Amino acid sequence: EPEVTQTPSHQVTQMGQEVILRCVPISNHLYFYWYRQILGQKVEFLVSFYNNEISEKSEIFDDQFSVERPDGSNFTLKIRSTKLEDSAMYFCASALGQETQYFGPGTRLLVL
Amino acid sequence: QKEVEQNSGPLSVPEGAIASLNCTYSDRGSQSFFWYRQYSGKSPELIMSIYSNGDKEDGRFTAQLNKASQYVSLLIRDSQPSDSATYLCAVHNNNDMRFGAGTRLTVKP
């Protein structure tokens, strides 16, 4: 069964460094999403992406964040200058239509 | 502000009982509603979706939606210890999806 994959599974970085989190959505899916979940807290929507552009973003998704679909398979989330509070699990999700989303296993980001 | 509220629990039920999980949402324009299950340290796993008022059954799971009351629920019949997890209610509107904080369910053998 096709699934969403994410790399790396864990990332440790120093405050102020740039990180790129990678996702490979399910191959025929058209809608792509990033979420984050700070330890012990709820899953928070960051951004949705369709037809090579951002379709919606939350108040969390500020200028430090960007997303890209550089080729036909990868979907990336870049954090330009990481802060301590960016430490979280980051989930990528994809959907064929606008509704049922399938989540990847996540990348656990730790900012020191 | 689009809010999704759930009772955080923990909710504890004996094996074989019915577990009832509830969720309310604030955005009346919400169109689609989902229940996800999340085991500790893992990603959310879709259990059910519901789009129109009423009940929707899938195996041991029944989702109920009442848009007038802005209320969604999930019933798990014949609960098993493997159902022990955090259950997330998610509400979709246009291009974003908002999650509740989740209800932690424990099913005791």
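Quick caveat: nothing in here was measured; it's all calculated off a predicted structure. (Residues numbered from 1 in each chain as written. Chains lettered and ligands numbered in written order. Predicted model: local features only at pLDDT ≥ 70, side-chain atom pairs only at ≥ 80, totals over all residues. Heavy atoms only, no water.)

Undergrad: I'd love a proper account of the packing of aromatic side chains, names of residues and values included.
TA: Counted under the stated rule, the structure contains 16 aromatic pairs over all chains. Residues Tyr31 of chain A and Tyr50 of chain A carry aromatic rings whose centres are separated by 4.3 Å and whose planes lie at 10 degrees to one another, so their mutual orientation is stacked. Here Tyr31 of chain A, found in strand β4 (residues 31–37), pairs with Tyr50 of chain A, found in strand β5 (residues 43–50); they are 19 residues apart in sequence, far enough to count as distant. A relative accessible area of 13% means that Tyr31 of chain A is categorised as buried. Each ring, one from Phe103 of chain A and one from Tyr36 of chain B, has its centre 5.4 Å from the other, and the planes form 80 degrees; the classification is edge-to-face. Taken together, the residues Phe103 of chain A in strand β10 (residues 102–103) and Tyr36 of chain B in strand β4 (residues 32–38) connect one chain to another. By relative accessible area, which is 10% here, Phe103 of chain A ends up buried. Relative accessible area serves as the criterion here: at 0%, Tyr36 of chain B is assigned to the buried category. Site record: aromatic cluster; members linked through ring pairs are Tyr33, Tyr35, Phe45, Phe91 and Phe103 of chain A together with Phe34, Tyr36, Tyr51 and Phe99 of chain B. (Phe/Tyr/Trp six-rings, centres within 6.5 Å; stacked < 30°, edge-to-face > 60°. Helix = DSSP H or I, 4+ residues; strand = E, 2+ residues; numbered from the N terminus. Buried < 20%, exposed > 50% of the residue type's maximum accessible area, 1.4 Å probe, protein only.)

Undergrad: Account for the nonpolar core, with residues named and values stated.
TA: The tendency in soluble globular proteins is for nonpolar side chains to be buried side by side. The biggest cluster of nonpolar side chains holds 23 residues, and the ones touching the most others in it are Trp35, Val72, Leu74, Ile76 and Tyr87 of chain B. Breaking this core down by element, the ones donating at least two residues are β3 (19–25), β4, β5 (45–50), β7 (61–66), β8 (71–76), β9 (85–93) and β11 (103–108) of chain B. Setting aside anything within four residues of it in sequence, one finds Ile76 of chain B in contact with Ala17, Ile18, Ala19, Leu21, Arg60, Phe61, Asp83, Tyr87 and Leu105 of chain B. Cys23, Leu46, Tyr90 and Cys92 of chain A belong to the second largest nonpolar core, which has 22 residues in total. (Core = buried A, V, L, I, M, F, W, Y, C linked by side-chain atoms within 4.5 Å. Contact = heavy atoms within 4.5 Å.)

Undergrad: A description of the sheet that holds β7 of chain B should follow, citing residues and the corresponding values.
TA: Residues and elements named next belong to chain B. Across the sheet, which stays open at both edges, the 5 strands sit in the order β1-β3-β8-β7-β6 with antiparallel pairing between neighbours. Among the strands making up the open sheet, the edge pair consists of β1 (4–6) and β6 (54–58). Sheet twist, expressed as the average angle between the axes of neighbouring strands with direction ignored, equals 20 degrees. As defined by bridge partners, β6 adjoins β7 across 5 bridges and the pair is classed as antiparallel. Bridge assignment links Gly54 to a residue of β7, and that residue is Leu65. (Pairing = 2+ DSSP bridges. Axes fitted to C-alpha atoms, helices over the stretch in contact; angles between N-to-C directions.)

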